[in-house]
Amino acid sequence: MEGYQCFGCAPQNTNGLQMNFMEEDDYVLSEWEPKSYFQGYYQVLHGGIQATLMDEIASWLVQLKLKTAGVTSQMTVRYKKTVPVDQGNIKLRAKLIGKRRNLADIHVELFCPDGELGAEADFVYFTFPEKVAIEKLHYPGHAAFYESE
C-alpha cells in the first residue's frame, strides 16, 4: 500500500526493522539481522528494540493464524541475557497459547545468534472482527499474505 511505513516490517522503511516472516506448523518465525545502530550498550541490542521485534511477530501471528488484525493490549517481557548485534542473526518464534473471545494469548521467544534464549514475552492481543480489521486497519485479508509479486 502506498505510504505504508510500518517500523517493524515495511521493507521500504530504511529506518525500520524490515522484518520478514514465515509459518512453520503452529509457529510464526522470523530471522533478523541486527544493525549496529540498534544497540543500547556497546554491541548489545537495545531492550526496546527486542520488545518491538517480539511485538511485531506477535502481530503477524494474529494476522496469519487468526486471519484478522489486532492491537497489543498487554506485553510482559523477560530479558534473559544480553543479545549481541555483531555476532549474526537473531531468530524469533511466536505461538498462539489460547484465545478468549476477542483476546489472543501469544508467547514469543527471541534467540541470540548462538541459539540461546535472549528474551521472551507473553502478549494479550485485542483482535478485531475481520470486517473491522479490513475497514479500519487496512488488513489486506488472509490470502494477501500468500500472493507472490
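Report follows, based on the coordinates. Please read these numbers as outputs of a predicted model, since none were measured by experiment. (Residues numbered from 1 in each chain as written. Predicted model: local features only at pLDDT ≥ 70, side-chain atom pairs only at ≥ 80, totals over all residues. Heavy atoms only, no water.)

Now for the overall build of the chain. In terms of regular secondary structure, the chain is built from 2 helices and 6 strands. The order of α-helices and β-strands along the chain, N terminus first, is β-β-α-β-β-β-β-α. Taken over the C-alpha trace, the chain has a radius of gyration of 15 Å; the compact-globule value for 149 residues is 15 Å, and the two agree within 12%. For the chain, the spread of C-alpha atoms along the three principal axes comes to 45 × 35 × 25 Å. Within the chain, the fraction of its 149 residues that count as buried is 40%. Residue pairs at least 24 apart in sequence account for 61% of intrachain contacts in the chain once pairs closer than 6 positions are excluded. Here the chain has roughly 8,600 Å² of accessible surface; of this, 50% comes from carbon and sulfur atoms. Each charge sign in the chain was given a centre, from 14 positive and 20 negative side chains, and these centres are 8 Å apart. (Helix = DSSP H or I, 4+ residues; strand = E, 2+ residues; numbered from the N terminus. Rg over C-alpha atoms; globule rule 2.2 N^0.38 Å. Buried < 20%, exposed > 50% of the residue type's maximum accessible area, 1.4 Å probe, protein only. Contact = heavy atoms within 4.5 Å. Areas by Shrake-Rupley, 256 points an atom, 1.4 Å probe, with all protein chains shown as cover. Lys, Arg positive; Asp, Glu negative; His and termini not counted. Charge placed at Lys NZ, Arg CZ, Asp CG, Glu CD.)

A complete count under the given rule lists 10 salt bridges for this structure. With a closest N to O distance of 3.6 Å, E116 and K81 form a salt bridge. Taken together, the residues E116 in the loop between strand 5 (103-111) and strand 6 (117-127) and K81 in the loop between strand 3 (70-79) and strand 4 (90-100) connect sequence positions 35 residues apart. Look at E116 and you get partly exposed, because its relative accessible area is 43%. The structure contains a network of salt bridges with shared partners spanning R78, K80, E120 and D122. (Salt bridge = Lys/Arg side-chain N within 4 Å of Asp/Glu carboxyl O.)

All right, on to a nonpolar patch on the surface then. A contiguous nonpolar surface patch, about 220 Å² in accessible area, is contributed by V71, F126 and L137. For V71, a relative accessible area of 38% puts it in the partly exposed group. (Patch = residues over 30% accessible without salt bridge, like charges linked within 9 Å, V, L, I, M, F, W, Y side chains within 5 Å.)

Our next topic: the state of the cysteines. According to the stated counting rule, one finds 0 disulfides in the structure shown. For the unlinked cysteine C9, the closest cysteine sulfur is that of C6, found at 3.7 Å. Among the residues examined, C9 registers a relative accessible area of 9% and is labelled buried. (Disulfide = S-S within 2.5 Å.)

Attention now goes to the environment of P84. The topology assignment puts P84 in the loop between strand 3 and strand 4. Separated by 39 residues in sequence, P84 and F123 have C-alpha atoms that sit 24 Å apart.

Moving on, we come to the packing of aromatic side chains. Tallying each qualifying case throughout the model produces 7 aromatic pairs. Taking the centre distance of 5.8 Å and the plane angle of 45° together, the rings of W32 and F38 count as tilted. By relative accessible area, F38 is classed as buried at 8%. Judged by centre distance (6.2 Å) and plane angle (50°), the ring pair of F123 and Y125 falls under tilted. Y125 shares its class with F123; the two are buried. Here a set of aromatic residues connected by ring pairs shows up, and it is made of F21, W60, Y139 and F145. (Phe/Tyr/Trp six-rings, centres within 6.5 Å; stacked < 30°, edge-to-face > 60°.)

Next up on the list: unusual backbone geometry. Leaving glycine out, the prevailing phi sign among residues is negative, and the prevailing peptide bond configuration is trans. Phi at D25 takes a positive value of approximately 55°, unusual for a residue other than glycine. Mapped onto the secondary structure, D25 falls in the loop between strand 1 (22-24) and strand 2 (27-32). Classification of D25 by relative accessible area gives exposed; the value is 68%. Its identity is not glycine, yet H138 carries a phi of approximately 60°, on the positive side. Checked against the element boundaries, H138 lands in the segment after helix 2 (130-137).

With that out of the way, let us pick up the sheet that holds strand 4. Pairing is antiparallel across the open sheet formed by 6 strands, whose spatial order is 1-2-4-5-6-3. Only two strands of the sheet have a single partner each, and these edge strands are strand 1 and strand 3. Recorded for the sheet is a direction-independent mean angle of 25° between the axes of neighbouring strands. The pairing of strand 5 with strand 6 spans 9 bridges and is classified as antiparallel. Paired with L103 across the two strands is F126, which belongs to strand 6. (Pairing = 2+ DSSP bridges. Axes fitted to C-alpha atoms, helices over the stretch in contact; angles between N-to-C directions.)

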